[in-house]
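# Observations on the three-dimensional arrangement
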Amino acid sequence: DIVLDNVESIGVAAFEGDTGLINISLNNTSEAVLIQSRAFKNCSSITNMTIPVSFVPQRETFSGLTGLSEVVLGVGTKIGTDHSSSYVATPWYGDGSPLNITVEDGVTDIGPRTFYGCMRLSTIDLPDTIVNIGTAAFVIILVVTVVLSGFVGVSVPPVLLPPSVPCVFSPS
């Protein structure tokens with residue numbers, strides 16, 4: 001396990017190929033963490049990741065996390081950019097285990113292309129605090145179960161997902 005408290009940057013290839021890592025937690029309180037190229041590349045034993053901070057991934061930052069199955073995105077998390085290929089640096093892009101993502105209560109925005117091409121996304125739990133979803137945030141996804149925590153009834157707020165996203169809605 002690795003818990004990173006108040007780091008500004010994780011260097012190039014810092015943990016690349018480390019198959020002993022299982023859980024990662026980034027615990028910064030304010031600033032964005034620059035996670036440099038290949039920092040966690042091919043850490044195939046990582047199964048859980050907690051990201052309560054803003055982070056800026058670079059090329060191949062998380063590629064090869066085939067064992068990753070649970071991700072928790074906290075209130076401070078800001079992911080996604082208009083850059084056309086930034087999504088390939090996120091922990092959930094690429095092949096691997098089916099993935100469950102929990103977005104904690106208090107998160108208001110899902111940035112552009114955040115889950116673009118996340119073919120392994122199985123379930124995403126979205127809180128009722130979400131008010132904005134960026135362009136192409138959920139493009140090229142197969143089937144997702146969306147759990148709407150805190151929403152009343154079975155209706156989906158129109159701001160959440162574009163009609164092109166094939167989803168099975170499961171209100172909590």
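Placed above this text is the structure.
The paragraphs below set out a description of the structure included in this document. In this numbering scheme, every chain counts its residues from 1 along its sequence in written order. The predicted nature of this model means local features are confined to residues of pLDDT at least 70 and side-chain atom pairs, given and counted, to a pLDDT of 80 or more, with totals for whole chains, interfaces and linings taken over all residues. To get the side-chain values, take all heavy atoms of the structure and skip hydrogens and water.

## Re the environment of G67
- The numbering of helices and of strands both runs from the N terminus, where a helix is a DSSP run of H or I of at least 4 residues and a strand a run of E of at least 2. The topology assignment puts G67 in the loop between strand 6 (55-57) and strand 7 (70-73).
- When a residue's accessible area, from a 1.4 Å probe over protein chains only, is under 20% of the maximum for its type it is buried; when over 50% it is exposed; and in between it is partly exposed. Overall, the relative accessible area of 16% leaves G67 in the buried class.
- A C-alpha to C-alpha distance of 9.2 Å links G67 and L99, two positions 32 residues apart in sequence.
- When residues no more than four places from it in sequence are discounted, the contact partners of G67 are S44, I46, T47 and S97. Contact definition: two residues touch when any of their heavy atoms are within 4.5 Å.

## Observations concerning the packing of aromatic side chains
- Each Phe, Tyr or Trp ring (for Trp, its six-membered ring) is paired with any other whose centre lies within 6.5 Å, and the angle between the two planes then decides the class: stacked below 30 degrees, edge-to-face above 60, tilted in between. According to the stated counting rule, one finds two aromatic pairs in the structure shown.
- Aromatic pair F15 and F40: ring centres 5.1 Å apart, planes at 5°, arrangement stacked. Here F15 is found in the loop between strand 2 (9-10) and strand 3 (23-26), whereas its partner F40 is found in the loop between strand 4 (33-35) and strand 5 (48-51), with 25 residues between them in sequence.
- Classification of F40 as buried rests on a relative accessible area of 1%.
- Taken together, F15, F40 and F62 form an aromatic cluster joined through their ring pairs.

## As for unusual backbone geometry
- Positive phi, normally seen in glycine, also occurs at A13, with a value near 55°.
- Relative to the assigned elements, A13 resides in the loop between strand 2 and strand 3.
- Its relative accessible area of 24% is what places A13 among the partly exposed residues.

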